[in-house]
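Fold and geometry: a report
Here is how the chains run, residue by residue.
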Amino acid sequence: MILQLPTEKIPIQEIPANKTIKLFIKREDLIHHQISGNKYWKLFFNINNYLAKKPKKPYIITFGGAFSNHISAVSAIGNLAGIPTLGIIRGEELKNKWRDNPTLLYAKRNGMNLQFVTREEYRHKEKLTEFLQNEFPEALIIPEGGTNKEALEGVKMMLNDETKDFDYLCTAVGTGGTIAGISKYCEDNQKVIGFKAVDDASLENKILELTLKKNFNLIDSCFGGYGKIKDENIRFINDFKDDYGIPLEPIYTGKMMQKIFELIDENYFPENSRVLCFHTGGLQGIEGANLLLEKQNRNLII
Ligand SMILES: *Cc1c(COP(=O)(O)O)cnc(C)c1O
């Protein structure tokens, strides 16, 4: 199996931020040095099941944006397994600029072929998928962000006896696969909160279709939009690392933790609640974010 179960327990660390509730973070970012956090788990069964079928000419195709943690992870798997990969990347304008983008450069160095499509083409990914599956019948085509039914089975592995001990389970939300898996497999008495990094009104239904349970709440935490980084976000991430020694990235986990701190201040959580956040990884994105911030003469993420 190319993706293995971890041999060591994923640590759960306390964040002594507040006296009225107990706040913890589960460090899924530490699962693998190249395939980070929730992407590892979402790809776990997708990839292992595909390779178990022993395809004659394995080929993995997937989709993502310019800074995508998912693209980064799939390219690393391709490299480790010696399997060719194709990344369909949103934004034709990147065609001649991918060398300036650390995520795309990394993917390329892992041997991933990159194909750049317009935003309009990208929006119609189903059409592209159909076309590609006809062209490459044996290929594994993984949807954007790795979100599908098999992803949920992998996310289940983020839950264990220790995570049962919490009243709230918190995760950042992009395409919704991670929260759907947590919602589906957590205990009946646990509440799930999703911190939306994307302003997408259809997310709730997408998640419901996957989990079939209504034990989750979505809270907006996109701070001005997906991928937008405000100075207050940078300050928060840098302070958080200073105070607790835990790095966060600016697209998902940084915004989630910042919002959780706001909720704590507003007494959103009843006294003595036990709150667990999942650190879903994605730290590879910091380098690309810093390049943009540098161009704008702004403070960087340390
Ligand atoms: C992809 C990603 C998410 C969002 O996960 P979804 O399953 O797409 O909702 C959250 N955090 C990080 C760090 C990610 O890379």
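Keep in mind it's a predicted model, so treat the numbers as computed, not measured.

Focus: the overall build of the protein chain
When helices and strands are tallied, the protein chain shows 11 helices and 10 strands. On C-alpha atoms alone, the protein chain measures out to a radius of gyration of 19 Å, which is about the 19 Å that the 2.2 N^0.38 rule sets for 302 residues. Expressed as a percentage of its 302 residues, the buried residues of the protein chain come to 53%. Pairs at least 24 apart in sequence give 73% of the contacts found in the protein chain among residues at least 6 apart. Summed over its atoms, the accessible surface of the protein chain is roughly 14600 Å², and 48% of this surface lies on carbon and sulfur atoms. Seen as two clouds, the 39 positive and the 39 negative side-chain charges of the protein chain have centres 4 Å apart.

Thoughts on the site of the ligand
Around the ligand sit 17 residues, and of these K39, K42, N69, T175 and T280 come closest. Side-chain polar atom of N38 to an oxygen atom of the ligand: 3.0 Å apart, as the coordinates give it. Within the contact set of the ligand, an oxygen atom lies 2.7 Å away from a backbone nitrogen or oxygen of G174. Calculation on the ligand without its partners gives an accessible area of 390 Å², and the protein chains cover 98% of this total. Broken down by element, the residue count for the shell around the ligand peaks at 3 residues, all from helix α1 (residues 37-52).

Observations regarding the packing of helix α2 (residues 69-81) against helix α3 (residues 102-109)
One can describe the packing of α2 onto α3 by two numbers: an axis separation of 8 Å at closest approach and a directional angle of 15°. The angle between the axes of α2 and α3 places the two elements in the roughly parallel class. Crossing hand, α2 versus α3: left-handed. Contact with α2, carried on its side by I71, S72, S75 and A76, involves T103, Y106 and A107 of α3 and no other residues of that element.

About the thresholds
- Residues numbered from 1 in each chain as written.
- Predicted model: local features only at pLDDT ≥ 70, side-chain atom pairs only at ≥ 80, totals over all residues.
- Heavy atoms only, no water.
- Helix = DSSP H or I, 4+ residues; strand = E, 2+ residues; numbered from the N terminus.
- Rg over C-alpha atoms; globule rule 2.2 N^0.38 Å.
- Buried < 20%, exposed > 50% of the residue type's maximum accessible area, 1.4 Å probe, protein only.
- Contact = heavy atoms within 4.5 Å.
- Areas by Shrake-Rupley, 256 points an atom, 1.4 Å probe, with all protein chains shown as cover.
- Lys, Arg positive; Asp, Glu negative; His and termini not counted.
- Charge placed at Lys NZ, Arg CZ, Asp CG, Glu CD.
- Near = heavy atom within 4 Å.
- Polar contact = N/O pair within 3.5 Å; in protein donor to acceptor, adjacent residues only side chain to side chain.
- Axes fitted to C-alpha atoms, helices over the stretch in contact; angles between N-to-C directions.
- Parallel < 35°, antiparallel > 145°, perpendicular 65-115°, else oblique.
- Left-handed = near helix turned anticlockwise from the far one by under 90°.

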